[in-house]
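# Reading the structure
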Amino acid sequence: MIPQLLLLSILIFFLAKQMPGDAVTGAFMGKPNVSAEQMEKIREQHGLNDPWIVQYGRWIGDAIQGDFGQSFVHKQPVTQLLAGRIGNTIWLSVATLVVTYVIAIPLGMIAGRWTGSWADQFIVTYNYVSFATPVFVFALLMLYVFGFVLNWFPSGGSVDIRIEEGTAEYVWDRLKHLVLPVLSGSLLLTYSTVQYLRNEIIETKMKDFVKTARAKGVPEHAVYRRHVLRHSILPIAAFLGYEITGLIAGSVFIETIFSYPGLGRLFIDSIMTRDFTVVTALVLISGAAVIVGTMLSDIILRMVDPRIRLG
Amino acid sequence: MLTIHNLRTSFRIHDEFHPAVDGISLTIHKNEVLAIVGESGCGKSALALSILGLHPPERTKIEGTIEFQGQNLLQLSTAELNQIRGKRLAMIFQDPMTALHPLMIIGRQIEEPMKYHLTLSTKEKKQRALQLLERVGIHNNEQVYQQYPHELSGGMRQRVLIAMALACDPELLIADEPTTALDVTIQAQIMELMKELQRQSQAGILLITHDLGVVAEMADRVAVMYAGEIVELAPIHTLFHNPLHPYTRSLLHSLPSSFGQKGRLHVIEGMVPAIEHLKRSGCRFAPRIPWISNELHEVNPVLHEIAPQHFVRCVCHQHFYLPTERIGDEINASITAT
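Computed from a predicted model, the values in this text were never measured in an experiment.

The next subject is the overall build of chain B. Along its length, chain B carries 11 helices and 12 strands. Taking 2.2 N^0.38 as the reference for a compact globule, 338 residues should give roughly 20 Å; the C-alpha atoms of chain B span a radius of gyration of 22 Å, in line with that estimate. On the principal axes, the C-alpha backbone points of chain B span a range of 80 × 45 × 40 Å. In chain B, which comprises 338 residues, the share counted as buried stands at 41%. In chain B, of all internal contacts separated by at least 6 residues, the share reaching a separation of at least 24 is 66%.

Next up, the structure:
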């Protein structure tokens with residue numbers, strides 16, 4: 001895991017350096033009263049003119065100690081900046097993932113068990129539509145309908161700032177702020193889980209061990225719950241890591257649209273303002289999340305499938 | 001105990017139903033081992049699965065009656081059938097590699113029929129499962145109880161499947177090629193075990209196999225199936241000593257034997273036709289014995305009771321000879337002539 005992260009960090013740092021413009025250009029964009037010489041002086045001061053490998057060495061050395069440098073735009077340490085928002089993003093991602101599975105697993109089970117029924121056809125249609133819908137279009141639609149026209153849910157932010165922290169009302173308000181972003185994400189994220197589960201159930205229900213279960217007199221609902229589902233859930237578990245990757249990409253759009261103060265929105269803002277230190281730190285975190293997700297998949301798969309257990 | 005009457009099981013292929021089991025009538029008595037033999041594709045397994053109602057209903061049509069202790073199994077709902085399956089009627093499947101759930105420990109799988117059919121506490125169930133494992137010759141039962149199928153050998157898994165079938169002391173056991181997937185030495189052990197268990201339990205067994213050796217060892221009566229029909233039904237002794245139907249004779253003749261004849265084994269020409277191409281009139285075996293002329297077959301062959309308990313389909317057996325026999329006779333004739 002460590003070598004992967006190191007390789008990733010080099011790649012990210014190098015690519016970021018290749019982008020046109022740097023933090024100085026970003027910081028003084030639209031400020032014509034700063035001359036080119038002054039900007040050059042600032043660059044020299046912050047070591048931005050050193051070769052990239054030197055800059056990388058400096059950066060990674062600090063990063064290992066948890067210091068990702070100073071944000072040029074926010075004028076505060078990147079670590080501190082991220083710490084304030086990472087909670088929101090994790091909170092949003094976990095909620096999205098849970099809701100995705102809560103919706104997708106029953107749908108996949110129904111579609112797989114009653115293949116060809118109207119319910120199955122409906123689910124498959126929903127699946128294609130959700131797969132084809134871009135998240136930013138759908139999220140905007142949700143925002144417009146439920147946040148603006150119907151006004152059922154707040155249209156932005158993570159919590160009403162007037163509410164005191166730690167009260168029940170505070171928790172309730174946070175949840176209310178989560179509804180739209182979570183639904184926008186999870187209603188579109190279900191397709192892979194539904195499709196995998198449906199296919200897997202269709203395949204599993206033909207297997208010999210299912211016939212054995214029926215021959216033992218196991219009631220039909222238990223045949224599906226105890227025998228078919230147990231076997232069909234394996235690829236879903238294996239897919240979790242990939243699902244996390246999808247969440248990270250999704251959170252960029254969702255957080256921006258719902259002005260949710262998380263890492264995704266920070267990412268877009270930082271790219272726009274060339275806040276280079278923040279961008280590299282964020283990409284590195286996303287990369288780490290993908291690696292951790294994949295590892296998590298392996299661990300879960302090893303837990304649910306005795307055939308690949310070690311020792 | 002089990003009476004099958006005029007059973008016809010048809011499968012849908014390209015929107016048409018084709019019978020794989022075509023008008024079979026059979027009776028299995030208590031404490032009897034009835035073997036059904038035939039080539040692959042003759043409808044043996046389809047028959048077995050019909051009895052337990054294990055064919056996918058949307059692709060299968062089953063006609064006739066299967067009477068098990070006064071109830072017609074074909075008219076029961078799935079819930080009613082579940083009261084019988086695994087309890088009074090159990091099945092041992094062909095392939096022990098795939099018939100066990102790969103993610104469930106052996107103990108749980110053996111306990112499952114008890115869970116639905118018997119009222120036992122968790123402890124009693126475990127105890128019974130361990131006893132069953134012991135009974136099928138697994139002496140490290142405590143260990144096997146906790147293991148997953150992939151940790152066991154094929155023979156062990158087949159023993160587990162047998163233990164599972166015996167979990168609720170069934171009155172009738174359907175064994176669908178129980179030894180086919182095993183290697184020869186293990187086959188012998190499993191047959192020995194089944195014989196022993198049958199003696200103890202007095203259960204009826206419907207043994208489905210294509211292995212005449214297995215039949216000879218275990219069965220009381222034998223039904224020979226060809227292309228969905230029974231062509232000969234006889235007590236074991238009669239079948240081996242006085243086989244009549246051309247198919248039975250060809251089968252017995254294609255076995256290597258340790259005594260008597262030498263030289264090449266007999267090979268039955270052609271193969272069992274696929275069910276959608278099968279000609280359903282006349283003697284179905286006729287195309288595979290082309291040297292017997294058409295007039296010698298019955299137009300609509302029926303089972304004739306040749307001797308008490310000995311039934312043969314079609315009259316062609318009266319004129320049938322095997323090509324090798326004829327050659328043998330000719331050689332003998334030429335020897336005596338000189």
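Read on for the rest.
Attention now moves to the overall build of chain A. Counting its regular elements, chain A contains 13 helices and 0 strands. The principal-axis extents of the C-alpha atoms in chain A amount to approximately 85 × 55 × 40 Å. The burial tally for chain A puts 33% of its 311 residues in the buried class. Pairs at least 24 residues apart make up 71% of the contacts formed inside chain A by residues separated by at least 6 positions.

Right, let's talk about the environment of Ile244(A) for a bit. All names here are of chain A. Relative to the assigned elements, Ile244 resides in helix α11 (residues 234-257). Expressed as a C-alpha distance, the spacing of Ile244 and Gly69, which sit 175 residues apart in the sequence, is 27 Å. Apart from the residues within four sequence positions on either side, Ile244 is in contact with Ala289, Val290 and Gly293.

The next subject is the packing of helix α8 (residues 168-204) of chain A against α11(A). Between two packed helices, both the angle of their axes relative to each other and the distance between the axes serve to describe the pair. Residues and elements named next belong to chain A. Close contact between α8 and α11 brings their axes to 10 Å; oriented N to C, the two are set at 155°. It follows from the interaxial angle that α8 and α11 lie roughly antiparallel. Judged by the twist between their axes, the crossing of α8 over α11 is right-handed. Contact residues: α8 offers Pro181, Ser184, Gly185, Leu189, Ser192, Thr193, Tyr196, Leu197 and Glu200, while α11 offers Pro235, Ile236, Phe239, Gly246, Gly250 and Ile254. A per-class count over the contact of α8 with α11 returns 8 nonpolar, 6 polar and 1 charged.

Below, the discussion takes up the sheet that holds strand β2 (residues 16-28) of chain B. Consider a sheet: its strands pair through backbone hydrogen bonds, and that pairing is either parallel or antiparallel. Residue and element names in this part refer to chain B. If you trace the 4 strands from one edge of the open sheet to the other, you get β2-β1-β4-β5, paired in antiparallel fashion. Looking along the sheet, the strands with just one partner apiece sit at the ends: β2 and β5 (71-72). Bridge count for strand β4 (residues 60-68) against β5 is 2 bridges, and the pairing is antiparallel. Bridging across to β5, Phe68 finds its partner in Gln71. The strands that helix α1 (residues 44-52) touches are β1 (2-13), β2 and β4; relative to β2, the one it contacts most, it runs at about 75°.

On to the interface of chain A and chain B, then. At the junction of the two partners, chain A supplies 18 residues and chain B supplies 23 residues. Those elements that provide at least two residues to the side of chain A that touches chain B are α9 (208-215) and α10 (220-232) of chain A. Ranked by the residues each element gives to the side of chain A that touches chain B, the list is headed by α9(A), at 6 residues. In the side of chain A that touches chain B, the residues fall into 5 nonpolar, 4 polar and 9 charged.

Further remarks concern α10(A). Residues and elements named next belong to chain A. Regarding α10, the residues found buried are Tyr224, His227, Val228, His231 and Ser232. Take α10 and look down its axis: the buried residues cluster within an arc of 125°, on one side only. Looking at the buried side of α10, the elements it contacts are α5 (78-113), α8, α9 and α11.

Below, the discussion takes up the environment of Pro273(B). All names here are of chain B. Note on placement: Pro273 falls in the loop between α10 (246-253) and β11 (303-307). Spatially, the C-alpha atoms of Pro273 and Leu2 are 29 Å apart, while their sequence positions differ by 271 residues. Beyond its immediate stretch of four places on either side in the chain, Pro273 contacts Ala227 and Leu278.

This part covers the pairing of strand β3 (residues 33-37) of chain B. All names here are of chain B. Most of β3 sits out of view: 5 of its 5 residues are buried. Of the strand pairs in this sheet, β3 and strand β8 (residues 204-209) are connected by 5 bridges, and their pairing is parallel. By the bridge assignment for β8, Leu34 is matched with Leu206. The sheet contact formed by β3 and strand β9 (residues 221-226) spans 4 bridges and is parallel.

A few words now on the confidence of the model for chain A. Residues with a pLDDT of 70 or more make up 95% of chain A, whose mean pLDDT is 84. Taken element by element, the predicted model of chain A shows its lowest mean pLDDT in helix α2 (residues 23-27) of chain A (66) and its highest in helix α6 (residues 118-132) of chain A (94).

Residue and element names in this part refer to chain B. Strand order in the open sheet formed by 8 strands is β6-β7-β8-β3-β9-β10-β12-β11, and the pairing between neighbours is mixed. For this open sheet the edge positions go to β6 (89-92) and β11, each flanked by a neighbour on one side alone. Averaged over all pairs of adjacent strands, the angle between their axes in this sheet comes to 20°, without regard to strand direction. Note: β6 against strand β7 (residues 172-176), 4 bridges, orientation parallel. Following the sheet pairing, Met91 is matched in β7 by Ile174.

Moving on: the nonpolar core. The biggest cluster of nonpolar side chains holds 106 residues, and the ones touching the most others in it are Ala163(B) and Leu206(B). Ranked by residues supplied to this core, first place goes to helix α6 (residues 154-165) of chain B with 7 residues. Per-domain counts for this core show at least three residues from each of domain 1 (2-219) and domain 2 (244-337) of chain B. In contact with Ala163(B), not counting residues within four places along its chain, are Ile110(B), Leu132(B), Leu133(B), Arg135(B) and Val136(B). Grouped together as the second largest cluster of nonpolar side chains are 32 residues, Phe138(A), Leu188(A), Val252(A) and Leu263(A) included.

Basis of the calculations
- Residues numbered from 1 in each chain as written.
- Chains lettered and ligands numbered in written order.
- Predicted model: local features only at pLDDT ≥ 70, side-chain atom pairs only at ≥ 80, totals over all residues.
- Helix = DSSP H or I, 4+ residues; strand = E, 2+ residues; numbered from the N terminus.
- Rg over C-alpha atoms; globule rule 2.2 N^0.38 Å.
- Buried ≥ 20, exposed ≤ 12 C-beta atoms within 10 Å, placed from the backbone.
- Contact = placed C-beta atoms within 7 Å.
- Axes fitted to C-alpha atoms, helices over the stretch in contact; angles between N-to-C directions.
- Parallel < 35°, antiparallel > 145°, perpendicular 65-115°, else oblique.
- Left-handed = near helix turned anticlockwise from the far one by under 90°.
- Nonpolar A, V, L, I, M, F, W, Y, C, P; charged D, E, K, R; others polar.
- Pairing = 2+ DSSP bridges.
- Arc of directions from axis to C-beta.
- pLDDT = per-residue confidence, 0-100.
- Core = buried A, V, L, I, M, F, W, Y, C linked by C-beta atoms within 7 Å.
- Domains from an automatic or database assignment.

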